[in-house]
Amino acid sequence: MTILDGAKVASEILENIKIKIQECSQKIGFAIIWVGNDEASAIYVKNKLKKCDELGIEGHLYHLEENTKEEEVLNLIKKLNNDNNINGILLQSPVPSHIDIKKCFNLISPLKDIDGFSNISVGNLSLGVPSFVSCTPKGIIRLLDYYHIPLKGKNVVIINRSNIVGKPLFNLLIERDATVTMCHSKTENLKDFTLNADILISAVGIPKFITEDMVKDGTVVIDVGISRIDGKVCGDVNFASVSKKASYITPVPKGVGPMTIAMIFENLMATIK
Ligand code: NAP
């Protein structure tokens with residue numbers, strides 16, 4: 001069994017980005033919009049800003065109060081779309097429930113949409129047109145490629161159908177000639193599907209959801225889930241038992257998470273002409 005070391009691969013990608021930035025005369029501006037005070041978001045925002053400092057990127061945080069009106073968020077996005085000092089815009093999710101996040105994502109200029117969530121970016125992805133691709137699915141594919149894990153003709157089972165993970169991942173895998181099955185909470189007899197997977201990608205958010213009996217010998221297991229037990233981060237997969245059957249497996253932390261961050265900055269670099 002081989003550990004898919006997302007932390008190592010991500011740090012190599014970020015190191016290359018740092019070199020490119022040092023060689024680049026242009027300043028790079030990254031705007032993060034954070035509405036409210038979600039605890040997990042606080043950590044994610046802090047980490048992204050820290051990474052900006054390390055890489056030599058100008059990180060700009062727009063931290064808005066929980067009760068900010070949707071219109072104010074939309075106006076800020078419009079302003080940042082027209083700001084020449086800003087290359088990429090990221091709206092941290094979740095946002096408070098009175099704000100329509102899809103509307104906000106869709107207002108971000110497709111030229112600055114480094115999260116790949118605008119309708120144009122999503123549409124392009126589903127049509128196979130080059131565009132910004134959302135970072136977690138892109139990071140998963142990059143990790144599989146790094147370890148030369150073939151996708152063509154393989155049975156890939158994704159447990160997730162969200163707009164940020166399952167759907168873009170489905171499109172990326174189809175483009176790479178995988179046979180993709182997408183499961184979710186209404187899937188009956190989930191185990192029948194997971195046992196048929198050459199590559200199993202779980203993004204459910206329930207700790208230890210994937211158990212040894214759900215996985216055949218030699219499966220590549222990608223754990224996207226992030227949960228916390230007693231403050232400690234853990235994934236969807238019962239790592240101790242499943243890793244005995246898997247050929248390759250991502251740990252949590254240090255698997256998919258760092259790859260997501262690396263892809264945000266890779267997308268940001270793609271905004272530079
Ligand atoms: P989400 O929208 O809540 O998606 C969860 C998915 O799991 C849904 O499709 C849901 O099905 C499915 N599901 C829930 N219970 C299930 C069950 N018992 N059996 C089968 N499927 C079930 O969440 P998300 O935003 O996509 O994120 C999913 C997980 O990935 C979370 O833990 C999140 O923290 C993590 N995540 C990690 C990264 C990273 O960089 N590592 C990035 C993004 C997300 P329905 O559609 O039917 O509800």
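Computed from a predicted structure; not experimentally measured. All residue numbers refer to positions counted from 1 along the written sequence of the respective chain. In view of the model being predicted, local features appear only for residues whose pLDDT reaches at least 70, and side-chain atom pairs are presented and counted only at 80 or more, with totals across whole chains, interfaces and linings using the full set of residues. Hydrogens are left out, water is left out, and the side-chain values use all remaining heavy atoms of the structure.

1. Brief notes about the site of the ligand
If you check the shell around the ligand, you find 19 residues, and the closest are N160, R161, S162, S185 and T260. For this analysis, a polar contact is any N or O atom pair within 3.5 Å, provided that within protein one partner can donate a hydrogen and the other can accept it, and provided that sequence-adjacent residues contribute only side-chain to side-chain pairs. At 2.6 Å, a side-chain N or O of S162 approaches an oxygen atom of the ligand. Working definition of accessibility: Shrake-Rupley area with a 1.4 Å probe, residue cover restricted to the visible protein chains. Here the ligand, which alone exposes 920 Å², has 69% of that area covered by the protein. Where helices and strands are cited, they refer to DSSP runs of H or I of at least four residues and of E of at least two residues respectively, numbered from the N terminus. Counting residues per element, the shell around the ligand draws most heavily on helix α10 (residues 256-269), at three residues. When residue character is reported, Ala, Val, Leu, Ile, Met, Phe, Trp, Tyr, Cys and Pro are called nonpolar, Asp, Glu, Lys and Arg charged, and the others, Gly included, polar. Broken down by class, the residue content of the shell around the ligand amounts to nine nonpolar, nine polar and one charged. Any residue with a heavy atom positioned within 4 Å of a molecule or strand is treated as near that molecule or strand.

2. Here's the deal with α10
A rise of 1.5 Å per residue sets the reference length of α10, with its 14 residues, at 20 Å; its end C-alpha atoms lie 20 Å apart and thus fit the reference within 8%. Exposure is judged per residue with a 1.4 Å probe applied to protein chains only, and the accessible area is read against the type maximum: over 50% gives exposed, under 20% gives buried, and values in between give partly exposed. For α10, the tally of buried residues reaches eleven of 14 residues, placing the bulk of the element in the interior. Buried within α10 are the following residues: V256, M259, T260, I261, A262, M263, I264, F265, N267, L268 and M269. Contact criterion: two residues are considered in contact whenever any of their non-hydrogen atoms come within 4.5 Å of each other. As for α10, its buried residues are in contact with α1 (6-23), β2 (29-35), α2 (39-55), β4 (88-91), α6 (135-146) and β8 (220-223). To estimate the expected span of a helix, count its residues, drop one, and scale the result by 1.5 Å.

3. Regarding the packing of aromatic side chains
Ring pairs shown here join Phe, Tyr and Trp side chains whose ring centres sit within 6.5 Å, with only the six-membered ring taken for Trp; geometry is labelled stacked below 30 degrees between planes, edge-to-face above 60, and tilted in between. For the structure shown, the criterion picks out three aromatic pairs. Between F30 and F265 the ring centres are 5.6 Å apart and the planes differ by 85°, which places this aromatic pair in the edge-to-face class. Here F30, found in strand β2, pairs with F265, found in helix α10; they are 235 residues apart in sequence, far enough to count as distant. The pair F30 / F265 is uniform in exposure class, with both members buried.

4. Re the pairing of β2
With seven of seven residues buried, β2 lies mostly within the body of the structure. For two strands to pair, DSSP has to find at least two bridges joining them. With seven bridges connecting them, β2 and strand β3 (residues 58-64) associate as parallel partners. Bridge pairing in β3 places G29 opposite E58. Think of it like this: strands point away, you trace from the first strand over the helix to the second, and a clockwise trace means the crossover is right-handed. Taking the sense of rotation as the criterion, the β-α-β connection linking β2, α2 and β3 turns out right-handed. Note that β2 and β4 share four bridges and pair parallel. When the bridges of β4 are listed, A31 appears paired with I89.

5. Focus: the sheet that holds β2
Taken in spatial order, the three strands make up an open sheet running β3-β2-β4, and their pairing is parallel. Pairing within the sheet leaves two strands with one partner each, and these edge strands are β3 and β4. The average undirected angle you get between the axes of adjacent strands in this sheet is 15°. Axis lines are fitted through C-alpha atoms, for helices just across the contact stretch, and the angle between N-to-C directions can take any value from 0 to 180 degrees. This element, α2, spans β2, β3 and β4 of the sheet and lies at about 170° to β2. Where α10 meets the sheet, its contacts fall on β2 and β4, and the angle it forms with β2 comes to roughly 130°.

6. Here we look at the domain arrangement of the protein chain
By convention here, the domain bounds are inherited from an automatic or database domain assignment. Each assigned domain of the protein chain is listed here: domain 1 (25-109) and domain 2 (135-255). Each of domain 1 and domain 2 has a C-alpha centre, and the two are 29 Å apart.

7. Examining the confidence of the model for the protein chain
Residues with a pLDDT of 70 or more make up 100% of the protein chain, whose mean pLDDT is 97. Predictor confidence is given residue by residue as pLDDT, running from a minimum of 0 to a maximum of 100. Mean pLDDT across the elements of the protein chain ranges from a minimum in strand β9 (residues 227-229), with 92, to a maximum in strand β7 (residues 199-202), with 99.

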